[in-house]
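# An overview of the molecular structure
Here is how the chains run, residue by residue.
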Amino acid sequence: MRLTFSVRRRLAGALLPLLGAAVSPALAPDAALHAQTTTGTVRGAVTGDGGAPLSAVQIGARNVESGIQRGTQSRDDGTYILPGMIPGNYDFTVRRIGYAPLTRRVVVQVGATQIQNFTLTTQAATLTTVQVTAAAAKETRTSEVATNVTSEQIRKLPTPSRNFLDLAALAPGVSVTEDRLNFTGRTFSANGQPANNVNLFIDGTSLKNDLTAGGVSGQDASRGNPFPRSAVQEYRVISQNFKAEYQKASSAIITATTRSGGNRWSGNALVGYQNAGLVQLDSFQRADKHVADSIARKNGTPSTFVRPEYKRTLTALSIGGPIIKDKMHVFGSYEGNYQNRASRVNINPPPSGFAALDTVNLTQYNGSFTSPFREDLFFGKLDNAFNENSSGELSFSDRHETDIRDFGGINVYQRATNYRQDVKIAQGKYSYFKGALLNEAKVDFSDFRRNPSPNFAAVPIRHFFYPGGEARVGSYESVQNFDQRRLGLRNDLTYSGFRGLGEHVVKGGLSIDFVRYDVVKDNNRVPEFFYNAIANTGNGDQVYNYETPFALNYQTGDPNFKANNRQVGAYIQDDWSPIERLTLNLGVRWDYESYMLNRGYVTPQNVIDTLTRYNDSLPNPLDLNRYVSNGSNRKPFYGAFQPRLGFSYGIDRNSRTTIFGGWGMYYDRIPFDLYAIDEYQKLHHPSFTVQFAPRDSTPVPGQIAWSDTYLTTDRAVLDQVAHAAGLPEAWFIDNKAKIPRSTQMNAGVRQLFGQFATTVTFAYVHAYDLMALNWANFGTNANGLCCTSFNIGAHGFSNFIYSTNDKETWYKGISLQLDRPYARQDSSSIGWGAGLTYTYSSRDLKGADGIGDDFDFPTSASIPRHPSNDEKHRIVANFITDLPYLFGTQFSGLIALGGKVRQNVGCNSRFCGINETLNPYERGGFTVPGTFPYQMVNVRLRKDFPNFARSNMSYGITLDVFNLFNRTNLTNYNTDARYSGRDANGNPIPNPDFGKARDLATDARRYQLGAELNF
């Protein structure tokens, strides 16, 4: 990324204060290097006999794996705090002259605050004997609704694709798209909002997708994984009330911390394998096989049914260890995801009697063709403890994938897309800790690139329609290259020494991102010609007999778009404990973007003239002051102030019973692609539909004569044809467009029962100002029925599309969480862990037909509030257990059970005159186990074989079974219309297909074989 002198000067001006803070000796820290978004905190109090507070007690914490140490001492009231702790196992040693020392094993988790109180007993002299106890990771004193996914769960729960985000489903209110054999999107969403509104942080660096949909870069249209699972130590899913240090999300966030090397060289290598023989047929495939077999038996011929080709190999290799023991460590990992599946081109034979169609010989393209997917993930990290007060870290990750896809069915193999994605992130961190001060500085550079293009040389597309089928012959029509490069600077300062009306942990921070967007969006650059025997192009039926196309779809002009954006964020928060058991989380955040929307856009004069002249005739007239841009009247939004409040109160001194709650406001952002880019491209790189007259006929108005040279001519000729005969769209983005935001409220109670942690939470989320696109030239009449219209085609444009902020979502849920982290008392005992989350919730939507819809026809305001895929009940459970009497064998599972779902009925009052949205379609029930409409049970059986020659080496084999009970989970129910029309008396006629499923939500039972080597 090249930077101009002015940018470099601004960059230096921003960077020097951050580096100055980072290298200031007064702020010196931590032998660990992570911003607090990926670290944990341990705090508590030290008392002596009779509960008297002890001051000047030396508290040391040594990381068991790396040997890096942290230390502090208790204050006058006996309290202490250790912020910025790298997640992991620590041996805490508490010493004071005249008291017996105490050692305790403490598990620090990402984003969590552990309360660890110590009681020392007096003795005449310091003895060498140390009392050792263990403290499990059970956080109770937080106002966040958060779920920690542990290292044990990441390594041992069944996983079909090694996507670490799969386990985010353990958190209440969070949904993760299924791992499907033929799906091309792996996103997560929460609280009834689209996936666009989430964010993912890895080691404090945001992977937010600024350009396109999906929330997380590279996940909206990929079979792949965002990051190597073997490099993730653990992560935290915060579905509600996250603190002010997190940005760019109005829904849920995930913050993950990566693994580091330890004081002992160790590594791991594994492989997982699936093929078609390990995948059972689903219900639709079984039905197809039954039909094919029946026909074969009847005709005495071989069955035409072919089991779909499929093979997936997952590989992973990681290794880490010391360069200098207790000081410098290195870690690296690689993961490969190699998949081959077959897409079958199955074009139905066209009718005979059309000479022009016979010459094409459409069925020659039929067959099964391999669709390969390849993904390589790399990660490397170097950390160093410079001295007892400072540390640093460098890391780099690289994701590269290719996917040959988008053919099959009516699309010939020649139409395959090569879908390439690359995600690179490099970052450096530097931390200082001294006394009550912790300063953390970070610099990161990321490059996110998505580049789909034709896999074969551009050949014009011929799209045929005929009775009983259709076919598309030719290349993939689009070339895209979305490139998002970000240079990010961040500094966070934590001070825990302020004492005023109680204890305070004050944290503030500033981040500045310099972002460059380079976009090539050349959709429909390959011309697509449409053929039929008889076609109606708006002038009545005309005879074509496939001799000539009746229409052309083609895009021309400049497909390039470039922009620079500055993103600034600042926050301050105070975790204030006015009394011992009460913590108040008080914070405010502010965010700013200089170029979230196309701020310099100038509406072309011909668009202004047409809109001005006919605006009063449109069903939805536009305010010209808001929808006409002169390049200077679209101002950035400066008002993104976001207060966030929370509390937690421990009923007892050890906080075994805690009540908590919170409220906050959260701003997200608007994806750059649809709203900023298309406004410009619809006029500078427009898409045209050109109507042709049949051969040897005189064109009527709206048509042009066909020439056979159009199939082979260069782009310049087609450009002239398109501009002369086609009509572009004009898009209008509101100059005062609002930024999507939400308010979140929660309240709950946590209770520790022995080794179990239980949480009951009520959560409420209301999301406002979600963006959508509406039609100005279509509307509803006085009765709310669609559609009134104004023919702007006669005035040079096909449609007027405008933006609105009329969409809203509501989420209400009650959740129960029960968790016992995996643990063993000693090497001879049986280790086990389990967790369960039950959620009862409702999700409503206003201003759109479905979550994630960007276009609302004709207007968002015409779509009332209604349920949208509203699953009332959901249970997610997981378990890991060693099997008794079977040495080295472990059993684990991940179970999801879904209850009744309310779905919006699409044929609402806009189209049918029957207010269907007041009576949504409900399916399923929720009674006893076995009757859940959605059931997914995944299990893993693992057997380890120790190498007695080398005690630190072990071998293991695994068997994963996904959808253990081969449940047919249905989806895509026909809710288009409850009624198919009205009879002669005006009574509604029931739709016989209403409520029938058209697709599967999950694959059939699958097996996966695996082997693993630990050394």
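Cut-off values and rules
Residues numbered from 1 in each chain as written. Predicted model: local features only at pLDDT ≥ 70, side-chain atom pairs only at ≥ 80, totals over all residues. Heavy atoms only, no water. Core = buried A, V, L, I, M, F, W, Y, C linked by side-chain atoms within 4.5 Å. Buried < 20%, exposed > 50% of the residue type's maximum accessible area, 1.4 Å probe, protein only. Helix = DSSP H or I, 4+ residues; strand = E, 2+ residues; numbered from the N terminus. Contact = heavy atoms within 4.5 Å. Pairing = 2+ DSSP bridges. Lys, Arg positive; Asp, Glu negative; His and termini not counted. Salt bridge = Lys/Arg side-chain N within 4 Å of Asp/Glu carboxyl O. pLDDT = per-residue confidence, 0-100. Phe/Tyr/Trp six-rings, centres within 6.5 Å; stacked < 30°, edge-to-face > 60°. Lys NZ or Arg CZ within 6 Å of the ring centre and 35° of its normal. Arc of directions from axis to C-beta. Patch = residues over 30% accessible without salt bridge, like charges linked within 9 Å, V, L, I, M, F, W, Y side chains within 5 Å. Areas by Shrake-Rupley, 256 points an atom, 1.4 Å probe, with all protein chains shown as cover. Expected span 1.5 Å × (residues − 1).

Quick look at the nonpolar core now. If you look at the biggest cluster of nonpolar residues, it comprises 37 residues, and the most contacted ones within it are Phe164, Leu167, Leu200, Tyr235, Val237 and Ile254. Those elements that provide at least two residues to this core are strand S12 (188-190), strand S13 (199-202), strand S15 (232-240), strand S16 (253-258), strand S22 (417-434), strand S47 (873-882), strand S48 (889-898) and strand S51 (934-946). Examining the composition of this core, we find that 3 residues originate from one element, S15, more than from any other. Ignoring any residue separated from it by four or fewer positions in sequence, one finds Ile254 in contact with Leu165, Ala168, Phe188, Asn199, Leu200, Phe201, Tyr235, Arg236 and Val237. Counting 25 residues, the second largest nonpolar core, distinct from the first, contains Val360, Ala471, Ala533 and Leu552.

Another aspect to go through is the pairing of strand S44 (residues 832-846). Here 14 bridges tie strand S43 (residues 800-823) to S44, and the two strands are oriented antiparallel to one another. Its bridge partner being in S44, Ile814 is matched across the sheet by Tyr840. Bridge count between S44 and S47: 9 bridges; the pairing is antiparallel. Looking at the pairing, Gly835 lines up with Asn878 of S47. Two strands pair when backbone bridges link them, and S44 and strand S45 (residues 866-867) are joined in this way by 2 bridges, in the antiparallel orientation. Of the residues in S45, the one forming a bridge with Asp844 is Pro867.

Along the chain, the position of Asp447 falls in strand S23 (residues 437-454). Buried within the structure, Asp447 lacks any salt-bridge partner; Arg485 is the closest side chain of opposite charge, at an N-O distance of 4.9 Å.

This part covers the sheet that holds strand S25 (residues 469-473). One open sheet accounts for 6 strands, arranged S25-S24-S28-S31-S36-S37; its pairing is mixed. Both edges of this open sheet fall to S25 and strand S37 (703-704), since each of them pairs with a single strand only. Pairing geometry for strand S24 (residues 461-466) and S25, over 5 bridges, is antiparallel. From the neighbouring strand, Phe464 faces S25, where its bridge partner is Ala471.

As a further point, take the confidence of the model for the chain. Per-residue confidence for the chain averages 87 on the pLDDT scale, and 92% of its residues sit at or above 70. Throughout residues 1-36 the model reports pLDDT below 50, and contacts reaching past four residues in sequence, or to other chains, amount to 95 contacts. Counting contacts from residues 125-136, a segment whose pLDDT is below 50, to residues more than four positions away or on other chains yields 21 contacts.

Moving on, we get to the packing of aromatic side chains. Within the structure shown, the criterion is met by 40 aromatic pairs. Pairwise contacts between aromatic rings join Trp731, Trp775, Phe778, Phe855 and Phe857 into one cluster. Against the face of Tyr419 rests Arg405, its NZ or CZ located 3.9 Å from the ring centre. Over the ring of Tyr768 we find Arg741, and its NZ or CZ is 4.5 Å from the ring centre.

Once that is clear, we can look at unusual backbone geometry. Omega for the bond connecting Cys786 with Cys787 falls within 30 degrees of zero, at 10°, which places this linkage in the cis form. Tracing the sequence through the fold places Cys787 in strand S42 (residues 786-789). Omega for the peptide link from Phe857 to Pro858 comes to -10°, which places this bond in the cis form. Position of Pro858 among the secondary structure elements: in the loop between S44 and S45. A positive phi angle, close to 60°, is found at Asn241, a residue other than glycine.

Moving on, we come to helix H8 (residues 715-725). All buried positions along H8 are accounted for by Leu718, Val721 and Ala722. All buried residues of H8 fall inside an arc of 95° around its axis, so they share one side. Along H8, the residues that are exposed and aim more than 90 degrees away from the buried face are Gln720 and Ala724. Looking at the buried residues of H8, the elements they touch are strand S31 (551-555), strand S36 (687-692) and S37.

For strand S21 (residues 390-405), the buried fraction is high: 12 of the 16 residues fall into the buried class. Direction of pairing for strand S20 (residues 367-387) relative to S21: antiparallel, over a ladder of 14 bridges. Within the sheet, the bridge partner assigned to Phe379 lies in S21 and is Ser397. Between S20 and S21, which pair antiparallel one after the other, the connecting turn spans 2 residues.

Next up on the list: a nonpolar patch on the surface. Taken together, the side chains of Phe647, Ile651, Ile659, Val749, Val760, Phe762, Ile814, Leu816 and Tyr840 present a nonpolar region at the surface, about 690 Å² in accessible area. Broken down by secondary-structure element, the contributors of at least two residues to the nonpolar patch are strand S40 (756-775) and S43. Assignment of secondary structure puts Ile651 in the loop between strand S34 (640-650) and strand S35 (657-667). With a relative accessible area of 42%, Ile651 lands in the partly exposed category.

Attention now goes to the sheet that holds S13. Spatial ordering of the open sheet is given by S10-S15-S16-S13-S14, a layout of 5 strands whose pairing is mixed. Single-partner strands in this sheet number two, and they are strand S10 (145-149) and strand S14 (205-206). Across 6 bridges, the pairing between S15 and S16 is antiparallel. Bridge assignment links Tyr235 to a residue of S16, and that residue is Ala256.

Within an α-helix, residues lying three or four positions from one another point in the same direction, as the helix has 3.6 residues per turn. When the terminal C-alpha atoms of helix H3 (residues 283-299) are compared, their 24 Å separation across 17 residues agrees well with the 24 Å that a helix rising 1.5 Å per residue should span. Listing the buried residues of H3 in full gives Ala292, Asp293 and Ala296. In a view along the axis of H3, the buried residues occupy a sector of 100°, so they form one face of it. For H3, the exposed residues set more than 90 degrees away from the buried face come down to His290 and Lys298. Looking one or two residues past H3, Gly300 carries a phi angle of roughly 70°, positive in sign.

Another aspect to go through is the pattern of salt bridges. Tallied over the entire structure, the rule returns 57 salt bridges. Asp403 is the partner of Arg223 in a salt bridge, and the nearest nitrogen-oxygen pair spans 2.9 Å. With Arg223 in the loop between S14 and S15 and Asp403 in strand S21, this residue pair connects regions lying 180 residues apart in the sequence. Side by side, Arg223 and Asp403 carry an identical accessibility label, which is buried. Residues joined by salt bridges that share partners form a network here, namely Asp166, Asp179, Arg180, Arg186, Arg312, Asp1003 and Arg1006.

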